[in-house]
Amino acid sequence: MTKIYASLLFIIGFSLQLTAQQPKKPNASKIHESIKKLNFLGSVLYIAAHPDDENTRLISYLSNHVKARTAYLSLTRGDGGQNLIGPEIRELLGVIRTQELLAARRTDGGEQRFTRANDFGYSKHPDETLAIWNKKEVLSDVVLAIRQFKPDVIINRFDHRSPGTTHGHHTTSALLSFEAFDLASNKNAYPEQVKEFGTWQVKREFFNTSWWFYGSKEKFKAADKTNLLDFNVGTYYPKLGLSNTEIASLSRSQHKSQGFGNTGTRGNQTEYIELIKGDLPKDKSNIFDGINITWTRVKGGKAIQDVLSKVERDFDFDKPSASISELIKAYQLIQNLENKHWKTQKIKEIKAIIYACSGLYLEAVADTNYGTQNSSVKVKIEAINRSSSLITLKSIDLPENISTEKNINLAENESFKFEEQLNISENTNNTTPYWLNKKGTLGMYNVEDKALIGLPETPRHYNYTFNLIIDNTVISYTKPLVYKMNDPVKGEVYKPFEIIPEASVKLDEKVFIFNSNEAKDIKVTVKSGKNNLEGNLQLEIPTSWTVSPKSYEVSIVNKGQEQTFVFSLKPLNNESEGSIKPLLSIGYKSYSKELIEVDYEHIPYQTILLPSESRVVKLNIKKRGKNVAYIEGAGDIVPQSLEQIGYKVTVLKVDDLSKENLSKFDALVVGIRAYNTLETIKFKQDILFDFVKNGGNMIVQYNTRHRLKVEKLAPYNLKLSRDRVTDENAKVTFLSPEHSLLNYPNKITQTDFKGWTQERGLYFPNEWAKEFTPILSMHDKDETPKTGSLLVAPYGKGYYIYTGLSFFREFPAGVSGAYRLFANMLSIGKTN
């Protein structure tokens, strides 16, 4: 019977390049700080490996106190981390962490860049890292960042001289930066870059050291500090009402997916940097000592300096628009600079200041938050001059090279509104992160358009340029098309305007486990991006599997509506694995991608298009017990995965944990990092241990010893460590081959450890009581065996199991051995 379900479904001051946040409206104090920064011609590039590696205290200090143009180059986007706020991992986590970095930079005043390196997970040595990354390409991207940004100073977060002592990505970032320092000035290095950006000689390179790198405060105090500079980064900004360290904490707290919420501090704090290349400043409190950071560093800059010094000195905090005439003079002089780099940068800065001083508000708002190819949307345009300055709206350049003449005098505080229609052409690209457009490798993103390399996000396709005449000078401001709405609770809410395909398809699970020869229902949801969608839906399946029906005719009336279609998929008799893909044909076009929406309050709304594909696995898996309780930790899909193999899983909150509630379950599974994230779970430990004592099985997945919420993690002594095995193919040795975990009800063999992804496991215990039996041993190359990945101890009538094995990564990848082993863990001590 056919089954169809349908449902309707830059500085702390300001930035003009926002895509989804409400436009910033800086006050006079912030405008004045921006003028000070306009008068500073020096720059610093901070380099590390991941989102959250950056030192926000130093970035904020350099940007807001020193007034230097400051950027953070993160080699990766953090795909390989964990997620404490939701289920997204890998590519989707990388999108979230990219936006968290941008939010951090909006807070501390820095800028953000990336390379094409993919965070493939923890690495113990640069050799391992560079065996997976393409060194030539990543180094090219670092050199490109230097040649484009043209920093006077580079600061590395990590030490290039200590490989093997920290994350391999960390040391690699420092090694590549150290090498790029010289390559950036070599015209024979990456000559294709030189043609467009020239070469660049950085003056100095530092390592951002601290007592931590010396092993203790005592050792650091006794160390030779000849090559060290130090800064008091605890400075207070009266105009902002914040200390620098408070701003840094706010910036750090943007890394919410990593649980890096940070409490603000006040008072003196010292940061140290060690010179590793270039000349040592005579003034060890001034990173720019001996470097010309005034307008006189560029030809023609003295006249600009004279004008802007007057603007800074005579700035009227009650009437910022009084500075516009002088700012226009400086703008005209900057336009004539020969130095292309500083000309481009300072034009951007001074235009933003003129915009803020005049109280301008320019905006283009669509009547919907998305459109599709060959469709049209209505756009409302607003222009208002909230100052007494004489400003004329000469024209507006619309998308697709269309211009509309206006020649309107923008009278003070009078709003001018217009309506236009945007016609979206057939060849317009869909909105999605550019680095995910093409399939890359384990270690590298594949970016076809080389002009995009280094950019934090995909440039907006539709922009509106307002051509103004201010003080007899034409100045243009470009605004991205946005969508905004009124939320009854939040008020005005902004979203970026996205281009989505006319149809997208989604499978309801990423993995389908078949534990018998019986068919399973596979749900495919089709979402329409336009009205009156007509097409044909099929499901591509592995050879010899069967599907019914062969196809569906799809007819969806309304834009935004979804329909769910159910296919019946039957596996082979034997164990096998493969993939399934939905394919929707509309005329001569085919659609096979899923439209994923990421919507968290601390970052802009994101749409991501990824191939819609799921793993199907036919395996002979046995299990005992049926009812499983699950305590969610930092976000994973383990409950859904266990349901795939026939368990009935109930997710419990900490408040639900009672003897009575737990009595109905055969086993209890604690999610990853639950003991790091659930504050009140410490009050329930006795209840959980009694559950085990009375015959239940308790499985605790990995936690870190940092911020552990309980003193007693297990019924017996158990201490966590930083031990981990990062090689997903590392040999696994059975320490207790006769133990029931390896034999009942499924016989576990070496084959069950093939095809694992990213890692074997992490944060294994390294000390435990004699009651525990270690089951497995494994290790990375040239390391000692790690035996704490899977520990089991009988307690009363039940069993307590602690595991650092990465089941939360293996289940979504459809690793059959991970399912079989976990079924044994749930089944231990149980009979039919």
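What counts and how
Residues numbered from 1 in each chain as written. Predicted model: local features only at pLDDT ≥ 70, side-chain atom pairs only at ≥ 80, totals over all residues. Heavy atoms only, no water. Core = buried A, V, L, I, M, F, W, Y, C linked by side-chain atoms within 4.5 Å. Buried < 20%, exposed > 50% of the residue type's maximum accessible area, 1.4 Å probe, protein only. Helix = DSSP H or I, 4+ residues; strand = E, 2+ residues; numbered from the N terminus. Contact = heavy atoms within 4.5 Å. pLDDT = per-residue confidence, 0-100. Pairing = 2+ DSSP bridges. Axes fitted to C-alpha atoms, helices over the stretch in contact; angles between N-to-C directions. Parallel < 35°, antiparallel > 145°, perpendicular 65-115°, else oblique. Left-handed = near helix turned anticlockwise from the far one by under 90°. Nonpolar A, V, L, I, M, F, W, Y, C, P; charged D, E, K, R; others polar. Salt bridge = Lys/Arg side-chain N within 4 Å of Asp/Glu carboxyl O. Polar contact = N/O pair within 3.5 Å; in protein donor to acceptor, adjacent residues only side chain to side chain.

Participant: Looking at this structure, how should I read the nonpolar core?
Facilitator: One recurring pattern in soluble globular proteins is that nonpolar side chains are buried together. Ranked by internal contacts, the top residues of the largest apolar core, which has 80 residues, are L642, M698 and Y800. Per-element accounting of this core gives the leading share, seven residues, to helix α19 (residues 816–827). Not counting chain neighbours up to four residues away, the residues in contact with Y800 comprise F689, V692, M698, V700, L713, A714, P715, L718, F772, L791, V792 and A793. Counting residues in each nonpolar core, the second largest holds 55 residues, with I350, L362, V377 and I381 among its members.

Participant: In this structure, what is going on with the confidence of the model for the chain? I would like to understand it.
Facilitator: Low pLDDT means the predicted coordinates in that region are not meant to be read closely. With 97% of its residues at a pLDDT of at least 70, the chain reaches an overall mean of 93. The low-confidence segment residues 1–20 (pLDDT under 50) makes 66 contacts with residues lying over four places distant or belonging to another chain.

Participant: Looking at this model, I keep getting lost on the sheet that holds strand β43 (residues 790–795). Mind explaining?
Facilitator: Read from one edge of the open sheet, seven strands run β35-β34-β36-β37-β44-β43-β41, paired in mixed fashion. Lying at the two open borders of the sheet, with one neighbouring strand each, are β35 (648–652) and β41 (773–774). Note that β41 and β43 share two bridges and pair antiparallel. Each residue of the ladder has a partner; that of P774, found in β43, is L791. Strands in contact with α19 are β34 (627–631), β36 (667–670), β37 (697–700), β43 and β44 (798–803); relative to β37, the strand with the most contacts, it is inclined by about 140 degrees.

Participant: Would you mind showing me how to read the packing of helix α11 (residues 301–314) against helix α12 (residues 324–335) here?
Facilitator: Axis separation between α11 and α12 bottoms out at 9 Å; the angle between their running directions is 160 degrees. Our classification of the angle between α11 and α12 gives roughly antiparallel. The way α11 lies across α12 gives a crossing that is left-handed. Between α11 and α12, the contacting residues are A303, I304, V307, L308, K310 and V311 on the first element and E326, L327, K329, A330, L333 and I334 on the second. For the contact of α11 with α12, the per-class residue count stands at nine nonpolar, no polar and three charged.

Participant: Would you mind showing me how to read the packing of helix α5 (residues 135–149) against helix α6 (residues 168–183) here?
Facilitator: For any two helices packed against each other, the geometry is given by the interaxial angle and the distance between the axes. Taken N-terminus to C-terminus, the directions of α5 and α6 make an angle of 60 degrees; their axes are 9 Å apart at the nearest point. The orientation of α5 with respect to α6, classified from their angle, is oblique. Here the hand of the crossing between α5 and α6 comes out right-handed. Along its contact with α5, which presents K135, V138, L139, V142, V143, I146 and R147, the element α6 presents L176, S177, E179, A180, F181 and L183. For the contact of α5 with α6, a count of residues per class yields nine nonpolar, one polar and three charged.

Participant: Is there a simple way to think about the pattern of salt bridges in this case?
Facilitator: For side chains bearing opposite charge, pairing can occur when the charged atoms are close. A complete count under the given rule lists 42 salt bridges for this structure. Ionic pairing is found between E271 and R57, a salt bridge with its closest N-O pair at 2.8 Å. Pair noted here: E271 is in strand β10 (residues 270–278) and R57 is in helix α2 (residues 56–66), with a separation of 214 residues, a long-range link. Ionic pairing is found between E597 and K527, a salt bridge with its closest N-O pair at 3.1 Å. Here E597 is found in strand β31 (residues 593–598), whereas its partner K527 is found in strand β24 (residues 520–528), with 70 residues between them in sequence. Each of E33, K36, K67 and K239 takes part in salt bridges that share partners, so that together they form one network.

Participant: Got a minute to help me understand the sheet that holds strand β3 (residues 69–74) in this structure?
Facilitator: Sheet architecture is open: seven strands sit in the order β4-β3-β2-β5-β6-β10-β7, paired in mixed fashion. In the strand order of this sheet, the two ends are held by β4 (111–114) and β7 (228–232), each with one partner. Averaged over all pairs of adjacent strands, the angle between strand axes in this sheet comes to 30 degrees, irrespective of strand direction. Two strands pair when backbone bridges link them, and strand β2 (residues 43–48) and strand β5 (residues 153–156) are joined in this way by four bridges, in the parallel orientation. Bridging across to β5, V44 finds its partner in V153. Across the sheet, α2 is in contact with β2, β3, β5, β7 and β10; its angle to β3 comes to roughly 150 degrees. Taken strand by strand, helix α3 (residues 91–108) contacts β3 and β4, and its axis lies near 155 degrees from that of β4.

Participant: Just to check I follow, could you spell out helix α1 (residues 28–38) for this structure?
Facilitator: Residues separated by three or four positions in an α-helix point in the same direction, a consequence of the helix having 3.6 residues per turn. Of all eleven residues in α1, eight are buried; the element is thus mostly enclosed. On its buried side, α1 packs onto α2, β3, α11 and α13 (340–357). N-capping of α1 is provided by N27, with a side-chain oxygen placed 3.2 Å from the backbone N of S29.

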